[in-house]
Every structure is written in C-alpha cells, then in structure tokens.
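Residue-level listing of the chains:
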Amino acid sequence: MMKTRNFVIVGISVLAMFALAWTIRVPEPVQSAARLSPVGEVLLQVTPQPTEEAGEPEATEEVPPSGLQKLESFRSEMSLSWNGTKAFEEEEGKKVDKQVEGFFNLKFAFVRQPPAYEMHMEGVGLEGMDSEEVTKFSFIQVGDTAWMYQSDTDSWMQMPAGEMSSADFMEMTPAILLPGLDAKLKEKGGASEQTINKVKCYNYTFSEKDIPQAEGLGEINRASGEMCVAAEGDYIVDFSLSADVTSVGEENPMFDKGSIEMSYRVFDVNQPITIEPPAEALAQQGAREDVPMPEDAKIDFSMPGMVSYKTALSVDAVAKFYETEMPKQGWKLAEDEKTQFEDWVSLTFTKGKDKAYVMINKEEEGKGSSVMVTIQSD
C-alpha cells in the first residue's frame, strides 16, 4: 500500500535566518489514479514565508520580481558555509555549547523557450540532516513534465509539472535573503563600473552598517561584502558576504553564534543552455522492466515500485492486456484477485515474493483509461 510521501527540503531551512523557508511536496500524480490507490493527497507547493517589517510582525510585503524573469536564459549558483557554536540539551536537561559547521549549495538554470528549468541543492550540518553525509535534492522541469530526486532514497520520480514554477526558485537571490540591501546601496552611491560574466555591472561594497536590520536576520556583529548589479535588468550578477552573526529570537538552524561565508553569481546570460533529465532519471521510468505497459502509455507519475499512466485503451482492453502479457514475464494472476465493476478493474499478480497490483479506471473525461501499477516485495 503506497503512503503519501512528503519531501521536505531541510536544506532550505538554512535560509531561515534570512526569513525564508520553503516546503516542497510531491504533486498529485493523476486525479483518477488517486481514486484507485491510497496515495493520498500529494500536492506540489512552494510557499515562501513573507518578510516581516521590523516592529510590525503581522505585516507582509510582496517581494517584487527581479530582472532575472525577463532574461531568455541564465544559470546561477549560491553557496553558504558556516561555523560556530550551538547549545544542545544533554540528558540531564542542561545545555552544552558545541562546535558546529556545515554548508548549503544551490544551482539553478532557466530557459524560456522551450520552457525548462532545473534546480539542484545539497547541504550538510543542518538540523534534520546527517551531520556528515551530504543531503541532495534535485528538481527538473521540461515542458509539462517534471523529475524529482532525493538522496535518502537515491531515486528519481517523474510527474506532471504541477503547481511549481521557475519563479519560485528564481527569486532565491541575495535581494530576498538580505531585503533592502540593494536599495540601500543604490541610495548610498559610489559604485564602480565592471563587466562580470560578460554583463556590465555597478559594483558596490558594504559593511554591517549598510545591512537593514529586519526580523529574522539576527544580530549582525560584523559584515563585509560586494554586490554587483546589472546595468540593464537591475538583477544581481555577483555577490559575496562574510559576517559574524548572533541568533536573536527564533532558533537559528545553523548556530547560536558563528560566522558565515556566502557567494552568489549569475552567468551564461541569454546563452544557449540545454536542460534535460539525466539518464538515471529516464532509466527509472515505469514500475520495472518485467511489468509491461501498452505502447501508447503516457506516464503521469513514476517512481521505483510504482507507475501511473494514461492509455487510449478501454478498461476491458487494458485488463486483457495485463492478463495476457504479465504471464509472459513470469507473473501469475492470483486466485480470486480480479475485481471488476462497470468502469473499474483491479488485478493482483504474484511472482516469487513479489506482488503487482494493477488498478484500471475509466477516464472521467473522454475515452481511454488511467492505470496504476504498484509492486510490493515480501
């Protein structure tokens, strides 16, 4: 029996000190298939926490889109590393300060036509993550199809594009992480002109005095850095930050007191970029090699041990297909394990210690069927 699988990207929580926290879930694979199997509600959502104005915890401010959304293509990279001390509660109830360190990296690429984007995250040292092993997460969308990877299962899933858009990741820039800094630097002036990654920029230097204090940032005791803003498009092309921070109020997922090093860059602006799922993601399509599918099957959702798809075949034709083709692959239709109603059929096959559950449902609109195949091993 399939369970709802929620993939929470704990790596993003590293940005909580900058008042940013996102939750990512698997999209519902196919509406009709959800009626057939206890997959449950699985929605794809990316919900950024609103930035709160200092002294006004209830107020929210919508962050304006950056110039990145007007580009035809680009790549970006963000890196954050830290070290410091954090209080951990011992068995006796006492808290003891311990040394902590870690890192968080994010790589992103975007192409407007044909529409595609990819995002890869990795991190170590966060609460909820292994303290030594790197946690990885990837999301790739090409047209109306998406692929998702998480390292704790070392597996890829294929699904409809869902509700997530490239803009949800495109706005993960220093302008959001340090709200108001870019405006403060422009007002301060004194920028020098540079060309970085083939983009003409205005380069600003800053210290802790230039960073607007905002709830969620903590107390910045020392900071130094540079911000390079594109002369055309007004997006950040290059950014660096070194700072000493003390946690204030809400618990910092990294440390109570420590130092951070952060970098961000945008490159390959309006250059040819190819985005496609990796070979290992395509290799994991379908339930497994010995479980056949009709030639016209269009996969809606796929992960190891489970696949759902649509076909133009009728419910009866799909049932006959599996009753004929599964035995050729060594499967045996379990006795009394065929259930049939007017527009719904359930079949159970066995092969050694494995069981294959095939659920076929008439499409709610138009002709054809929705099919879900799940594999269980005893």
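See above for the structure.
Note that the coordinates shown come from a computational prediction; the quantities given were computed from them, not determined experimentally.

**Overview of the environment of Ala87**
Logical step 1: Relative to the assigned elements, Ala87 resides in strand β3 (residues 73-89).
Logical step 2: When its relative accessible area of 24% is taken as the criterion, Ala87 is described as partly exposed.
Logical step 3: Note: C-alpha distance between Ala87 and Asp97 (10 residues apart in sequence) is 4.2 Å.
Logical step 4: In this view, Ala87 contacts Lys95, Val96, Asp97 and Asp256; residues no more than four positions away in its chain are not counted.

**Overview of the pairing of strand β4 (residues 95-111)**
Logical step 1: For β3 and β4, the ladder comprises 17 bridges, and the chain directions are antiparallel. When the sheet's bridge partners are listed, Gly84 is paired in β4 with Val100.
Logical step 2: Connecting β3 to the next strand, β4, in antiparallel fashion are 5 residues, including Gly93 with a positive phi near 90°.
Logical step 3: In terms of strand pairing, β4 meets strand β5 (residues 116-124) through 9 bridges, oriented antiparallel. Pairing of Lys107 across the sheet is with His120, part of β5.
Logical step 4: Between β4 and β5, which pair antiparallel and follow one another directly, the connecting turn spans 4 residues.

**Structural notes on the packing of aromatic side chains**
Logical step 1: This structure, assessed with the given rule, holds 8 aromatic pairs.
Logical step 2: When the ring of Tyr149 is compared with that of Trp156, the centres are 5.3 Å apart and the planes differ by 40°; the resulting orientation is tilted. Of the two residues, Tyr149 and Trp156, both sit in the buried class.
Logical step 3: Between Phe341 and Trp344, the ring centres sit 5.6 Å apart and the planes meet at 40°, which makes this aromatic pair tilted.
Logical step 4: In this structure, Arg265 is placed above the aromatic ring of Phe267, and the distance from its NZ or CZ to the ring centre is 3.9 Å.

**A few points about the environment of Asp290**
Logical step 1: Its location among the elements puts Asp290 in the loop between α5 (279-283) and β14 (298-303).
Logical step 2: C-alpha of Asp290 to C-alpha of Gly330: the two residues are 40 residues apart in sequence and 8.1 Å apart in space.
Logical step 3: In this structure, Asp290 is in contact with Met326, Gln329, Trp331 and Lys351, ignoring residues within four places of it in sequence.
Logical step 4: Among the polar contacts listed, one links the side chain of Asp290 to the side chain of Lys351, at a separation of 2.7 Å.

**Description of the nonpolar core**
Logical step 1: In terms of nonpolar packing, the biggest core is built from 59 residues, with Phe74, Phe108, Tyr235, Phe239, Leu241 and Ile260 touching the most fellow members.
Logical step 2: Setting aside residues up to four positions removed in sequence, Phe239 forms contacts with Pro174, Leu178, Leu181, Phe206, Glu226, Met227, Met262, Ser263 and Tyr264.
Logical step 3: Counting residues in each nonpolar core, the second largest holds 20 residues, with Ile299, Tyr309, Phe321 and Met326 among its members.

**As for helix α6 (residues 315-325)**
Logical step 1: Burial in α6 covers these residues: Val315, Val318, Ala319, Phe321 and Tyr322. Looking down the long axis of α6, one finds its buried residues gathered within 155° of arc, a one-sided arrangement.
Logical step 2: Buried residues along α6 sit in contact with β15 (306-311), β17 (344-351), β18 (354-362) and β19 (369-377).

**Brief notes about unusual backbone geometry**
Logical step 1: Cis rather than trans, the peptide bond between Gln113 and Pro114 has omega equal to -10°.
Logical step 2: Tracing the backbone through its elements, the reader meets Pro114 in the loop between β4 and β5.
Logical step 3: The phi dihedral of Asp154 is positive, around 50°, even though this residue is not glycine.
Logical step 4: Mapped onto the fold, Asp154 is located in the loop between β7 (145-150) and β8 (155-160).
Logical step 5: A residue is classified by how much of its surface remains accessible, and Asp154, at 53% relative accessible area, is exposed.
Logical step 6: Of note in this structure, Asp234 is not a glycine but carries a positive phi near 55°.

**Notes on the environment of Pro115**
Logical step 1: Within the element layout of this structure, Pro115 appears in the loop between β4 and β5.
Logical step 2: You can call Pro115 partly exposed: its relative accessible area is 45%.
Logical step 3: Along the primary structure Pro115 and Ile275 are separated by 160 residues, whereas in three dimensions their C-alpha atoms are 9.3 Å apart.
Logical step 4: With sequence-adjacent residues up to four places away left out, Pro115 is seen in contact with Gln141, Val142 and Gly143.

**Observations regarding the pattern of salt bridges**
Logical step 1: Under the definition given, this model contains 13 salt bridges.
Logical step 2: Here Asp234 ties to Lys186 by a salt bridge, and the two come within 2.6 Å at their closest N and O atoms. Of this pair, Asp234 sits in the loop between β11 (219-230) and β12 (236-246) while Lys186 sits in helix α4 (residues 181-188), and the two are 48 residues apart along the sequence.
Logical step 3: Note that Asp290 is salt-bridged to Lys351, the shortest N-O span being 2.7 Å. With Asp290 in the loop between α5 and β14 and Lys351 in strand β17, the pair connects residues that are 61 residues apart, well separated along the chain.

**Section: the side chain of Thr311**
Logical step 1: Take Thr311: it is sitting in strand β15.
Logical step 2: A polar atom in the side chain of Thr311 sits 2.7 Å from the side chain of Asp296.
Logical step 3: Only 3.2 Å separates the side chain of Thr311 from the backbone nitrogen of Leu313, close enough to count as a polar contact.

**Here we look at the pairing of β12**
Logical step 1: Looking at chain direction, β11 and β12 are connected through 10 bridges and run antiparallel. Its bridge partner being in β12, Ile220 is matched across the sheet by Val245.
Logical step 2: Relative to strand β13 (residues 257-267), β12 runs antiparallel, the two being bridged by 9 bridges. Opposite Ser240, over in β13, you have Ser263 as the bridge partner.

How each quantity is defined
Residues numbered from 1 in each chain as written. Predicted model: local features only at pLDDT ≥ 70, side-chain atom pairs only at ≥ 80, totals over all residues. Heavy atoms only, no water. Helix = DSSP H or I, 4+ residues; strand = E, 2+ residues; numbered from the N terminus. Buried < 20%, exposed > 50% of the residue type's maximum accessible area, 1.4 Å probe, protein only. Contact = heavy atoms within 4.5 Å. Pairing = 2+ DSSP bridges. Phe/Tyr/Trp six-rings, centres within 6.5 Å; stacked < 30°, edge-to-face > 60°. Lys NZ or Arg CZ within 6 Å of the ring centre and 35° of its normal. Polar contact = N/O pair within 3.5 Å; in protein donor to acceptor, adjacent residues only side chain to side chain. Core = buried A, V, L, I, M, F, W, Y, C linked by side-chain atoms within 4.5 Å. Arc of directions from axis to C-beta. Salt bridge = Lys/Arg side-chain N within 4 Å of Asp/Glu carboxyl O.

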